[in-house]
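Results of the structural survey
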Amino acid sequence: AQSVTQLDSQVPVFEEAPVELRCNYSSSVSVYLFWYVQYPNQGLQLLLKYLSGSTLVKGINGFEAEFNKSQTSFHLRKPSVHISDTAEYFCAVSVSGSARQLTFGSGTQLTVLP
Amino acid sequence: DTAVSQTPKYLVTQMGNDKSIKCEQNLGHDTMYWYKQDSKKFLKIMFSYNNKELIINETVPNRFSPKSPDKAHLNLHINSLELGDSAVYFCASSQSSGAYEQYFGPGTRLTVT
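So, here is what we can say about the structure in this document. Bear in mind that the values here come from a model prediction, so they are computed numbers and not experimental data. (Residues numbered from 1 in each chain as written. Chains lettered and ligands numbered in written order. Predicted model: local features only at pLDDT ≥ 70, side-chain atom pairs only at ≥ 80, totals over all residues. Heavy atoms only, no water.)

Moving on, we get to the side chain of Gln6(B). Residues and elements named next belong to chain B. Among the secondary structure elements, Gln6 is positioned in strand β1 (residues 4-7). Since its relative accessible area comes to 7%, Gln6 is described here as buried. There is a polar contact of 3.0 Å between the side chain of Gln6 and the backbone nitrogen of Cys91. Polar contacts involving the side chain of Gln6 include one to the main-chain amide nitrogen of Gly107, which spans 3.0 Å. Among residues more than four places away in sequence, those in contact with Gln6 are Ile21, Lys22, Cys23, Trp34, Tyr89, Phe90, Cys91, Gly105, Pro106, Gly107 and Thr108. (Helix = DSSP H or I, 4+ residues; strand = E, 2+ residues; numbered from the N terminus. Buried < 20%, exposed > 50% of the residue type's maximum accessible area, 1.4 Å probe, protein only. Polar contact = N/O pair within 3.5 Å; in protein donor to acceptor, adjacent residues only side chain to side chain. Contact = heavy atoms within 4.5 Å.)

Here it is as structure tokens:
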């Protein structure tokens, strides 16, 4: 079985500052990795995904993430955040070759302060 | 065009009642899911259907019964509602081969009083 740990439940950051949201996973098999964003009172939207290939993945809204197999991590980064990035961010993992079961982390609330 | 839609968006009901939540996707996907998000925002899969066939059924009380009339629809029926059923329920869909990402609906906030 897979598991995901998001190390920070809340991350406050000032506008235009860089941010990193941390995600570690555990799995005995190859995995696919995803970051989703949930704005208040909305559903989840895919930010980016890692399936294979380049370990640096670029997503929407200026976010990127780096897959590190040796450290079993998939941290999300943005060089300069905006107020509109305030949301809940979820890291998720599935077994390679299957979209059928996503295991989510507990989420990180990113709050961008003016 | 809405990719994954759910109705209703809000549902307030009393303990003991039976209620249904409907989900439809127009993405042509062959797999659909129900997730429950609790008050701490933790997301957990409940069910998954592939081509109208149940493929994932996590530990969920049998008061919850999914029904998939066709590949584009997955409804969730809940019998004898309890206070602990209060949560946000999300429907999602994906294609079983290819991009592997799941697309989520806007959620249904269920409040049991």
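Turning our attention to the pattern of salt bridges. Should their charged atoms come close, side chains of opposite charge can pair. Evaluation of the coordinates by the stated rule reveals nine salt bridges over all chains. A salt bridge links Arg63(B) to Glu82(B), with the nearest nitrogen and oxygen atoms 3.5 Å apart. Of this pair, Arg63(B) sits in the loop between β6 (53-57) and β7 (64-70) while Glu82(B) sits in the loop between β8 (73-78) and β9 (87-94), placing them 19 residues apart in sequence. Among the charged side chains, a network of salt bridges with common partners joins Glu20(A), Glu66(A) and Arg77(A). (Salt bridge = Lys/Arg side-chain N within 4 Å of Asp/Glu carboxyl O.)

Across the contact, 23 residues belong to chain A and 27 residues belong to chain B. Surface buried jointly by chain A and chain B totals about 1,900 Å² across both partners, of which 54% is contributed by carbon and sulfur atoms. Between chain A and chain B we count two salt bridges in total. For Glu101(B), the salt bridge goes to Lys49(A), with nearest N and O atoms at 2.4 Å. Our count for the chain A to chain B interface comes out at three residue pairs in polar contact (both at pLDDT 80 or more). Counting only elements with at least two residues in the side of chain A that touches chain B, the list comes to β5 (31-38), β6 (44-50) and β10 (87-95) of chain A. Here the residues of the side of chain A that touches chain B are counted per class, giving 10 nonpolar, 10 polar and three charged. (Buried area = accessible area lost by both parts, 1.4 Å probe. Nonpolar A, V, L, I, M, F, W, Y, C, P; charged D, E, K, R; others polar.)

The two faces of the sheet receive side chains in turn, since in a regular strand these alternate between them. All names here are of chain A. Burial analysis of strand β9 (residues 73-78) places five of its six residues in the buried class, which makes it a mostly covered element. Pairing between strand β3 (residues 19-21) and β9: three bridges, direction antiparallel. By the bridge assignment for β9, Leu21 is matched with Leu76. Both strand β8 (residues 64-68) and β9 contribute to a ladder of five bridges, which runs antiparallel. Bridge assignment links Asn68 to a residue of β9, and that residue is Ser73. In sequence, β8 turns back onto β9 through a hairpin of four residues, with Thr72 there showing a positive phi of about 45°. (Pairing = 2+ DSSP bridges.)

A separate point is unusual backbone geometry. Residue and element names in this part refer to chain B. Residues Thr7 and Pro8 are joined by a peptide bond in cis, for which omega reads -5°. In this structure, Pro8 sits in the loop between β1 and β2 (10-13). Notably, Lys41 is not glycine yet its phi reads approximately 70°, a positive angle. Within the secondary structure, Lys41 is located in the loop between β4 (31-37) and β5 (43-50). Residue class for Lys41 comes out partly exposed when judged on its relative accessible area of 34%. Unlike most non-glycine residues, Ser80 shows phi in positive territory, near 45°.

Take the sheet that holds strand β3 (residues 19-25) of chain B next. The strands making up a sheet associate through backbone hydrogen bonding, with each pair oriented either parallel or antiparallel. All names here are of chain B. The four strands lie next to each other as β1-β3-β8-β7, forming an open sheet whose pairing is antiparallel. The sheet terminates laterally at β1 and β7, the two strands that pair on one side only. Mean inter-strand twist for the sheet, computed between neighbouring axes without regard to direction, equals 20°. As defined by bridge partners, β3 adjoins β8 across four bridges and the pair is classed as antiparallel. Opposite Glu24, over in β8, you have His73 as the bridge partner. (Axes fitted to C-alpha atoms, helices over the stretch in contact; angles between N-to-C directions.)

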